[in-house]
Amino acid sequence: MNKVFNPETASHEGAALRGDYSNAREDFAIEQDWSRYTDADHALWRKLYQRQMSLIPAYACAEFRAGLDRLDCADGVPDFEQASKRLRAATGWELVAVPGLIPDDAFFKHLANRRFPVTSWLRKPEEVDYLVEPDVFHDFFGHLPIISDPVFADFLQLYGERGLEAEQRGAVKYLARLYWYTVEFGLIRREGQLKAFGAGILSSSGETPYSVESEKPLRVKFDRERIMRTNYLIDDYQKTYFVIDEFDELFAALDTLDIDAFLIAETAKPQIGVGERIPQDTTIAPNTARAA
Ligand code: HBI
Ligand code: FE
């Protein structure tokens, strides 16, 4: 991904340096350097946190909510070491600070070792609503809570392992779609109600209600091959969401995946466009919107 090394995204003000890979180690880890966050950074974190917290009770699944409580990160940009302790106690995962997006290989290796790469810099106030690349709010608030769930935690480690294997086989593109439609934009059904667990949803105040209530997007029952054939959008709300009933489905999907068999059988079929519906889809209705 060339964005990783683009010097134009580098800036040298505020706390952790945005897009500065010059001090990164071989595995792209850096020091979080918590003392560099400014009062303005901490204030912006609290604003983002409070805005999401007005939505989380109604829209996030119970496992995410429990994980978020455990992380106790309301007061400002969190200290990664403290968070690592809490996560280690729950599921044996820890955080590693990174300067931004890192190459697939390094990313997979961290996950395979139960380390979640967390971008250290925070967006600017004018980017409060929209950001294409991950920052510390997306990575920490969006991704870490659900890693407190033991089944999800094992699934994410397995994703790292299978990702490394996919690299050898030239199949990263297909694994990345699975990540996108689950880890980033996944929905789960609980007592007939849709709840979000994906980090891209739960770190966005607009997409949080949209993902479960809007009539516009398609919602389809989780189907591994279907997802692996489906393109995705990185710069708008999703046009298709996939819905699981249990986190076990995610683990099993990777555990039983035969990458070579997938490449032979599925890549001969046409790719599926964003928002496109196919005959075998089991579609799922949105929740009824809450009274405002
Ligand atoms: N790097 N920091 C970071 N965060 C990601 O989510 C990420 C990455 N590098 C590669 C990547 N994601 C995806 O392309 C993989 O899931 C394939
Ligand atoms: Fe993410």
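Residues numbered from 1 in each chain as written. Chains lettered and ligands numbered in written order. Predicted model: local features only at pLDDT ≥ 70, side-chain atom pairs only at ≥ 80, totals over all residues. Heavy atoms only, no water.

### Quick look at the coordination of the iron ion (ligand 2)
Around the iron ion (ligand 2), the protein contributes the donor atoms His138 (NE2), His143 (NE2), Glu184 (OE) and Glu184 (OE), which lie 2.0 to 2.8 Å from the metal centre. Along the chain, the residues that donate to the iron ion (ligand 2) are spaced as H-x4-H-x40-E. A relative accessible area of 4% places His143 in the buried class. (Donors = N, O, S within 2.8 Å, 3.2 Å for Na, K, Ca; no water. Buried < 20%, exposed > 50% of the residue type's maximum accessible area, 1.4 Å probe, protein only.)

### Side note on the site of ligand 1
The full set close to ligand 1 counts ten residues, and Gly100, Ile102, Asp104, Phe107 and Tyr159 are the nearest of them. Contacts to ligand 1 include Ile102, whose backbone N or O atom sits 2.7 Å from a nitrogen atom. Take Tyr159: an N or O atom from its side chain is 3.1 Å from an oxygen atom of ligand 1. Here ligand 1 has 400 Å² of accessible area as a free molecule, and 91% of this is covered by the chains. The set of elements that each furnish at least two residues to the shell around ligand 1 consists of α5 (104-112) and α8 (172-184). If one sorts the elements of the shell around ligand 1 by residue count, α5 sits on top with three residues. (Near = heavy atom within 4 Å. Polar contact = N/O pair within 3.5 Å; in protein donor to acceptor, adjacent residues only side chain to side chain. Areas by Shrake-Rupley, 256 points an atom, 1.4 Å probe, with all protein chains shown as cover. Helix = DSSP H or I, 4+ residues; strand = E, 2+ residues; numbered from the N terminus.)

### Notes on the confidence of the model for the chain
Per-chain confidence: the chain averages 93 in pLDDT, with 93% of residues scoring 70 or above. This stretch, residues 1-15, has a pLDDT under 50; its non-local contacts, to residues over four places away or in other chains, come to 27 contacts. (pLDDT = per-residue confidence, 0-100. Contact = heavy atoms within 4.5 Å.)

### Points about a nonpolar patch on the surface
Taken together, the side chains of Tyr130, Val132 and Ile234 define a hydrophobic patch exposed on the protein surface, amounting to about 290 Å² of accessible area. Looking at the secondary structure, you find Ile234 in the loop between α11 (224-228) and β6 (240-244). (Patch = residues over 30% accessible without salt bridge, like charges linked within 9 Å, V, L, I, M, F, W, Y side chains within 5 Å. Salt bridge = Lys/Arg side-chain N within 4 Å of Asp/Glu carboxyl O.)

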